[in-house]
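# Results of the structural survey
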Amino acid sequence: MTYSCTRREVLLGGVSLSIAMLTSSPSLAAITTKIQRLVSSCGIEAWFVRDSTVPLIAMEFAFGAGATQDPTDKPGVGHMVAGLLNEGSGDLNFKAFHERLDRRAIELSFGSTHDHFCGGLRTLEDNGDEAFNLLRMALTSPRFDPADVERIRAGVLARLRHYSTDPSSLAGRKFLEVAFNDHPYARPTAGSVESVPKIEVADLKSHVRRVIARDTLKIAVVGNIDPEVLCKLLDKTFGGLPAKADSTPVPDVVVAKPPQRAFIPFDVPQTVMAFGGPGVRRSEPDFMAAYVVNHILGGAGLRSRLFREVREKRGLAYFVREHLVWRTHSAMFVGKCATRADRAGETVEQIEKQARHIAEVGPTQQELDDAKCYLKGSQMLALNSSSKLARTLLQHQLDKLPINYFEKHNAVVDSVTLEDAKRVAQRLWGQGLLTIIVGRAPLGEAQSSPVPSVTTPPPHTEQLSATPSPTLPKKPN
């Protein structure tokens, strides 16, 4: 899983198009260069790859607290902050700030996930001084002018209202509620139509003051810049931030035990299903075995069991996919599928059958070998730009991996045995699935049995309102 955040990017005019083209240029050669660990005179640490193939600097960074720090009754504060940091800072209002960005074709973006407040910067090397200075201003002196706050708030609310009519978003929102109950992970990062209007400027300033600090900062930079020059820019950009964050501790949590099932009646042409369950945390020895065996069941490409059985053989759905999600305080696997309402029951049954079968029997040796080959190759092919490489290096830091993990990755994949894969498959899918179904009822046999307690082996079915609070589309975490 690669690191990702909600982004707001500035791409205007022909010069910005040139940057977009440059960021698409291959930077795989840079990976063979030793990744450097830089520490500035102010103690700002960064992982750095010097890439002289294009005149570009790409930086990704993250602070170690995110939407879990939103007030319980005001989810969406961090998301609003992310939307406002590049809307004006210091003595530059919205118009002046964006004129500075546009003049040099600087891309500056921010985002808030459950665990992190993150950002990205892309600039031509000749404009590095100005780009880093604008980032410094955005982080240290955001304006939060009333007109800008209301404009961003209106945009967030418009998207939330739109997603309240999107069955995929409803399924994702309900899945988090079932999986995490009253834990902060159950709250949508973008907030709700009820919470966003209550957010005040004081909430935004408090979030910046408590979350954006040097002690939790992780940075990755890829580009054509001298390391000494980069260290000076890092000092100027981040050195003035508070030394320590004032975040509220977040407890670890285990995803709710399956099997459980919830149904949301919703009058849409297609029925959408979100399914998942407890996963394997990134720090656990079983993680790579889980990553490999999950690819066999529902990963990318056309060879997963779910793809073959649900789409290829039966034509039940255009897509079906499952992936691992790991967070600082929990882990899960999550899948999604959409089908015709009259075939929803059959689709749910087939997904559950495939999960049950791999839990009981495990993968074949051929499936394991094919999955390893795919995962080793795709890791490198996916890093085809400076920005993607920087995001991956940042994710490695957040995952607490060694700086030379690229060199070890293939060996770690190869070390997964068939016994490991079978054992972890039983761990992941042996208890069944948490399944959320949104669409036209009834679901036939998949919903015809009596409603038992959630602690008994048969799935629990819960009738819900057709218009629950909305959420933004799920991003990789």
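Residues numbered from 1 in each chain as written. Predicted model: local features only at pLDDT ≥ 70, side-chain atom pairs only at ≥ 80, totals over all residues. Heavy atoms only, no water.

The next thing to look at is the environment of Met59. Its location among the elements puts Met59 in strand 3 (residues 56-63). Along the chain, Met59 and Val222 lie 163 residues apart, while their C-alpha atoms are 6.4 Å from each other. What Met59 contacts, discounting residues up to four positions off in sequence, is Gly119, Gly120, Leu121, Arg122, Phe132, Leu135, Ile219, Ala220, Val221, Leu234 and Phe238. (Helix = DSSP H or I, 4+ residues; strand = E, 2+ residues; numbered from the N terminus. Contact = heavy atoms within 4.5 Å.)

Let's shift gears to the pattern of salt bridges. This structure, assessed with the given rule, holds 31 salt bridges. A salt bridge links Arg50 to Asp226, with the nearest nitrogen and oxygen atoms 3.8 Å apart. Placement of the pair is Arg50 in strand 2 (residues 45-50) and Asp226 in the loop between strand 6 (218-223) and helix 9 (227-238), with a sequence separation of 176 residues. Between Glu367 and Arg305 there is a salt bridge, with the nearest N and O atoms lying 2.8 Å from each other. Highlighted residues: Glu367 in helix 13 (residues 365-381) and Arg305 in helix 11 (residues 305-312), separated in sequence by 62 residues. (Salt bridge = Lys/Arg side-chain N within 4 Å of Asp/Glu carboxyl O.)

Viewed as axis vectors pointing N to C, helix 4 (residues 94-103) and helix 5 (residues 128-140) meet at an angle of 155°, and their least axial separation amounts to 10 Å. Overall, the two elements helix 4 and helix 5 adopt an arrangement that is roughly antiparallel. For the pair helix 4 and helix 5, the sense of crossing is left-handed. For the pair helix 4 and helix 5, contact is made by Phe97, Arg100, Leu101 and Arg103 and by Glu130, Asn133, Leu134 and Ala138, respectively. Grouping the amino acids of the contact of helix 4 with helix 5 by side-chain chemistry returns four nonpolar, one polar and three charged. (Axes fitted to C-alpha atoms, helices over the stretch in contact; angles between N-to-C directions. Parallel < 35°, antiparallel > 145°, perpendicular 65-115°, else oblique. Left-handed = near helix turned anticlockwise from the far one by under 90°. Nonpolar A, V, L, I, M, F, W, Y, C, P; charged D, E, K, R; others polar.)

Extensive coverage of helix 3 (residues 77-84) is indicated by the burial of eight of its eight residues. Here helix 3 has its buried residues at Val77, Gly78, His79, Met80, Val81, Ala82, Gly83 and Leu84. Check the buried side of helix 3 and you find it contacts strand 4 (107-112), strand 5 (117-124), helix 6 (146-163) and helix 8 (201-211). (Buried < 20%, exposed > 50% of the residue type's maximum accessible area, 1.4 Å probe, protein only.)

Within a regular strand, the side chains alternate between the two sheet faces. Most of strand 9 (residues 320-326) is tucked away, with five of its seven residues classed as buried. Where strand 9 meets strand 10 (residues 331-340), seven bridges bridge the pair, whose relative direction is antiparallel. In the strand pairing of strand 10, Leu324 is matched with Phe333. (Pairing = 2+ DSSP bridges.)

Let us now look at the sheet that holds strand 1 (residues 36-39). Across the sheet, which stays open at both edges, the six strands sit in the order 1-2-6-3-5-4 with mixed pairing between neighbours. Sheet topology places strand 1 and strand 4 at the edges, where each strand pairs with a single neighbour. Looking at each pair of strands side by side, their axes are set apart by 20° on average, direction ignored. Pairing geometry for strand 1 and strand 2, over four bridges, is antiparallel. Its bridge partner lying in strand 2, Gln36 is registered against Phe48.

Core analysis: the largest hydrophobic core is formed by 53 residues, its most contacted members being Met59, Phe110, Ile219 and Phe238. The element that contributes the greatest number of residues to this core is helix 5, accounting for seven residues. With 38 residues, the next largest nonpolar core counts Val320, Leu324, Ile351 and Ile358 among its residues. (Core = buried A, V, L, I, M, F, W, Y, C linked by side-chain atoms within 4.5 Å.)

Our focus in this paragraph is the side chain of Arg187. When you line up the elements, Arg187 lands in the loop between helix 7 (167-180) and helix 8. For the buried Arg187, which has no salt bridge, the nearest side chain bearing the opposite charge is Asp70, at an N-O separation of 6.1 Å. A polar contact of 3.2 Å, which involves the side chain of Arg187, links it to the backbone oxygen of Asp70. In this structure, Arg187 is in contact with Ala67, Thr68, Asp70, Pro71, Thr72, Pro75 and His114, ignoring residues within four places of it in sequence. (Lys, Arg positive; Asp, Glu negative; His and termini not counted. Polar contact = N/O pair within 3.5 Å; in protein donor to acceptor, adjacent residues only side chain to side chain.)

Helix length check: helix 16 (residues 418-429) (twelve residues) gives 16 Å between terminal C-alpha atoms against 16 Å at 1.5 Å per residue, within 8%. Of the residues making up helix 16, those classed as buried are Leu418, Ala421, Val424, Ala425, Leu428 and Trp429. Seen end-on, helix 16 carries its buried residues on one side only, within an arc spanning 130°. Buried residues belonging to helix 16 abut strand 8 (270-278), helix 10 (287-298), strand 9, strand 10, helix 12 (344-361) and helix 13. (Expected span 1.5 Å × (residues − 1). Arc of directions from axis to C-beta.)

Any pair of aromatic rings gets described here by the distance separating the centres and the angle formed by the planes. Counted under the stated rule, the structure contains nine aromatic pairs. Aromatic pair Phe61 and Phe238: ring centres 5.6 Å apart, planes at 65°, arrangement edge-to-face. Of the two residues, Phe61 sits in strand 3 while Phe238 sits in helix 9, which places them 177 residues apart along the sequence. The same class applies to Phe61 and to Phe238, which are both buried. Positioned above the aromatic ring of Phe94 is the side chain of Arg151, whose terminal nitrogen or guanidinium carbon lies 4.3 Å from the ring centre. (Phe/Tyr/Trp six-rings, centres within 6.5 Å; stacked < 30°, edge-to-face > 60°. Lys NZ or Arg CZ within 6 Å of the ring centre and 35° of its normal.)

Geometrically, the link from Pro258 to Pro259 is a cis peptide bond, its omega value of 5° lying close to zero. Of note, the phi angle at Ala105 is positive, near 55°, even though the residue is not glycine. Tracing the sequence through the fold places Ala105 in the loop between helix 4 and strand 4. A residue is classified by how much of its surface remains accessible, and Ala105, at 2% relative accessible area, is buried. For Phe144, which is not glycine, the phi torsion reads 55° and is therefore positive. In this fold, Phe144 is placed in the loop between helix 5 and helix 6. Its relative accessible area of 5% is what places Phe144 among the buried residues.

Taking the residues between adjacent antiparallel strands as the criterion, strand 1 and strand 2 are bridged by five residues, where Gly43 takes a positive phi near 85°. Relative to strand 6, strand 2 is paired through four bridges, and the arrangement is parallel. In the sheet register, Arg50 faces strand 6, and the bridge partner there is Gly223.

A separate point is the environment of Thr165. Structurally, Thr165 can be placed in the loop between helix 6 and helix 7. Taking the relative accessible area as the measure of exposure, Thr165 reaches 48% and is therefore partly exposed.

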